[in-house]
Amino acid sequence: MELDFDKMNGLVPAIIQDNETRKVLMLGFMNKEAYDKTVETGKVTFFSRTKNRLWTKGEESGNFLHVVSIKADCDNDTLLIQVNPVGPVCHTGTDTCWGEKNEEPVMFLKALQDFIDKRHEEMPEGSYTTSLFESGINKIAQKVGEEAVETVIEATNGTDERLIYEGADLIYHMIVLLTSKGYRLEDLARELQERHSSTWKKH
């Protein structure tokens, strides 16, 4: 990756983003040496402008930022680094340098989809997900139907707690069904997005 370090006197800003929640965690600066060390070690290393030296995030606290991916912007002078953080990111003890909680529960659905994809690929023995895939499409579809009925029952004649429980089961088995057919949850999201853009906004 050819980065333009000259534009800002040898530095480029690096935006740090959580790979799972997509929350922006912090902003730091890298010189070429810091960038090279980040790539080499897989842990985010900045150039500290106050200490005038390289600084690996977490070198004192243990709260490292483990690199998942590094992307440069269109001008090659700003980095977007997606990470898996260990512990709070800010020196004040908060999850992000903006005082936000590093949580986005809906993004767990992507992580769950990735997990189910891996199960489908590896098919480990003793896994419930593996047993679903081995049972075949008809059995998986039947299971989705059963979970849908149970969700309806809890919604109309049950408790809110059980509704959430059964709804979660429904979504899990729906992801398994999609995966068995070669699709992902994102395909449903894309369909909903297209409907929203073309139809629902008119209502």
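Up top is the structure these notes are about.
Residues numbered from 1 in each chain as written. Predicted model: local features only at pLDDT ≥ 70, side-chain atom pairs only at ≥ 80, totals over all residues. Heavy atoms only, no water.

Draft legend 1. Highlighting the overall build of the chain. If you tally the helices and strands in the chain, you get six helices and six strands. Listing each helix as α and each strand as β along the chain from the N terminus yields β-β-α-β-β-β-β-α-α-α-α-α. Here the C-alpha atoms of the chain give a radius of gyration of 22 Å, more than 25% beyond the 17 Å that 2.2 N^0.38 yields for 203 residues. Here the chain holds 203 residues, and the buried ones make up 31% of them. Put simply, of all contacts in the chain between residues at least 6 apart along the chain, 49% involve residues at least 24 apart. Here the chain displays about 12800 Å² of accessible surface, and carbon together with sulfur accounts for 53% of that area. Computing the positive centroid from 24 side-chain charges and the negative centroid from 35, the chain places the two 2 Å apart. (Helix = DSSP H or I, 4+ residues; strand = E, 2+ residues; numbered from the N terminus. Rg over C-alpha atoms; globule rule 2.2 N^0.38 Å. Buried < 20%, exposed > 50% of the residue type's maximum accessible area, 1.4 Å probe, protein only. Contact = heavy atoms within 4.5 Å. Areas by Shrake-Rupley, 256 points an atom, 1.4 Å probe, with all protein chains shown as cover. Lys, Arg positive; Asp, Glu negative; His and termini not counted. Charge placed at Lys NZ, Arg CZ, Asp CG, Glu CD.)

Draft legend 2. Examining the pairing of strand 6 (residues 79-85) more closely. Summarising the sheet, strand 1 (residues 12-18) and strand 6 pair through five bridges and their orientation is parallel. Counted as the bridge partner of A14 is L79 from strand 6. Note: strand 5 (residues 65-72) against strand 6, seven bridges, orientation antiparallel. Residue pairing across strands places V67 opposite V83, the latter belonging to strand 6. Between strand 5 and strand 6, which pair antiparallel one after the other, the connecting turn spans six residues, and N76 there sits at a positive phi close to 55°. (Pairing = 2+ DSSP bridges.)

Draft legend 3. Structural detail: the state of the cysteines. All chains considered together, the criterion is met by zero disulfides. C97 takes part in no disulfide bond, and the closest cysteine sulfur, belonging to C90, lies 4.0 Å away. We classify C97 as partly exposed; its relative accessible area is 38%. (Disulfide = S-S within 2.5 Å.)

Draft legend 4. Focus on the environment of D73. On the secondary structure map, D73 appears in the loop between strand 5 and strand 6. D73 gets classed as partly exposed once you look at its relative accessible area, which sits at 29%. Each C-alpha atom, one on D73 and one on L3, is 9.5 Å from the other, the two residues being 70 residues apart in sequence.

Draft legend 5. Spatial organisation of the environment of L192. Tracing the backbone through its elements, the reader meets L192 in helix 6 (residues 185-198). Put simply, L192 and T21 are 171 residues apart on the chain and 21 Å apart in space, counted from C-alpha to C-alpha.

Draft legend 6. Representation of the pattern of salt bridges within the structure. Under the definition given, this model contains 13 salt bridges. A salt bridge links E191 to R195; the nearest nitrogen and oxygen atoms lie 2.9 Å apart. Placement of both E191 and R195 in helix 6 is noted, with a separation of four residues, approximately one turn of the helix. Note on E191: relative accessible area 35%, which makes it partly exposed. Given the relative accessible area of 38%, R195 is considered partly exposed. Within this structure, K110, D114, D117, R184 and E186 form a network of salt bridges that share partners. (Salt bridge = Lys/Arg side-chain N within 4 Å of Asp/Glu carboxyl O.)

Draft legend 7. Local environment of helix 1 (residues 32-41). Taken as a whole, helix 1 has its buried residues at A34, Y35 and T38. One face of helix 1 carries all of its buried residues, which in axial projection span an arc of 100°. In helix 1, those exposed residues whose orientation departs by more than 90 degrees from the buried face are E33 and E40. Backbone geometry just after helix 1 places G42 at a positive phi near 80°. (Arc of directions from axis to C-beta.)

Draft legend 8. Summary view of the sheet that holds strand 1. One open sheet accounts for four strands, arranged 2-1-6-5; its pairing is mixed. Where the open sheet ends on each side, the last strands, each with one partner, are strand 2 (24-30) and strand 5. When strand polarity is set aside, the average angle formed by the axes of neighbouring strands in this sheet is 25°. Two elements, strand 1 and strand 2, share six bridges in a ladder whose sense is antiparallel. Across the sheet, residue P13 finds its bridge partner in strand 2, namely F29. (Axes fitted to C-alpha atoms, helices over the stretch in contact; angles between N-to-C directions.)

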